[in-house]
Amino acid sequence: MSLQVLQKYLPEGSVFFIEKWLKPYSCHIRITKKRNSKLGDYRYRSGETQQISINGDLEPQLFFFVLTHEIAHLITFSADRKILPHGKEWKTCYRNLLLESLNIYKEDFRPMVMAFSKTPKANYMATPEIVRYFSKNTTEDFIEDLDPGHIFEYQNQPFEILEVRKKRYICKNLHSGRKYLFRTCVQVKKLTHDD
């Protein structure tokens, strides 16, 4: 994909960093439809053009944040294919890329990027502040706003919150009876006992 086409998905000024970071590599960036399982993906291809895919429905700041994550994979994995995908080498690289491009992000988001960069997570969903930032316009509730006993819907399935353990919610699927762990920042639809 050309950088001109990619530019419409990115915040202003960010193409400079993409060009700089990708210059030493042969990489194809593919825009995909919304995927519930992931926002982006890096695929190593031995001796071929590397591939990064990013969901095309992301807000520009989140698109750049996720693309930076995937570029960090490309850079670190190209240097040493034996490293862990989200190990210390990737964390260091991702941190450096985030801090180098900090001014691309909106002023109110920069403190969150700085805090996140101290110990980057494999999934931004592990950082409730960032999830809430990019979910400002949602009509759904966050599971952390509910108490044990509340019933909610997640992926068209009804659940009941049984208990809270640290930053995880133990919930029971009301159809199957199976128990699941949910992170605090998962978005759900709160139900009443009548639903």
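Just above, that's the structure.
Residues numbered from 1 in each chain as written. Predicted model: local features only at pLDDT ≥ 70, side-chain atom pairs only at ≥ 80, totals over all residues. Heavy atoms only, no water.

Engineer: I'm lost on the state of the cysteines in this one. Help?
Structural biologist: By definition, a disulfide links the sulfur atoms of two cysteines through a covalent bond. Summed over all chains, the structure comprises 0 disulfides. Left without a disulfide partner, Cys93 is nearest to the cysteine sulfur of Cys27, which lies 13 Å away. Among the residues examined, Cys93 registers a relative accessible area of 11% and is labelled buried. There is no disulfide at Cys185, and the cysteine sulfur nearest it, in Cys171, is 13 Å away. (Disulfide = S-S within 2.5 Å. Buried < 20%, exposed > 50% of the residue type's maximum accessible area, 1.4 Å probe, protein only.)

Engineer: I tried to follow the side chain of His69 on my own but got confused; where do I start?
Structural biologist: Assignment of secondary structure puts His69 in helix H3 (residues 60–79). Look past the residues within four positions of His69 in its chain and what remains in contact with it is His86, Trp90, Tyr94, Lys121 and Ala122. (Helix = DSSP H or I, 4+ residues; strand = E, 2+ residues; numbered from the N terminus. Contact = heavy atoms within 4.5 Å.)

Engineer: When you look at the environment of Ala115 in this model, what are you seeing that I'm missing?
Structural biologist: Relative to the assigned elements, Ala115 resides in helix H5 (residues 110–118). Note: C-alpha distance between Ala115 and Thr127 (12 residues apart in sequence) is 10.0 Å.

Engineer: I'm lost on the sheet that holds strand E6 (residues 157–165) in this one. Help?
Structural biologist: Strands pair in a sheet through their backbones, by hydrogen bonds, and they do so in one of two ways: parallel or antiparallel. Reading across from one edge, E4-E9-E5-E6-E7-E8 is the order of the 6 strands in this open sheet, with antiparallel pairing throughout. With partners counted over all chains shown, the strands left at the sheet margins are strand E4 (141–142) and strand E8 (179–183), one partner each. The pairing of strand E5 (residues 151–154) with strand E9 (residues 187–191) spans 3 bridges and is classified as antiparallel. Bridging across to E9, Glu153 finds its partner in Lys189. (Pairing = 2+ DSSP bridges.)

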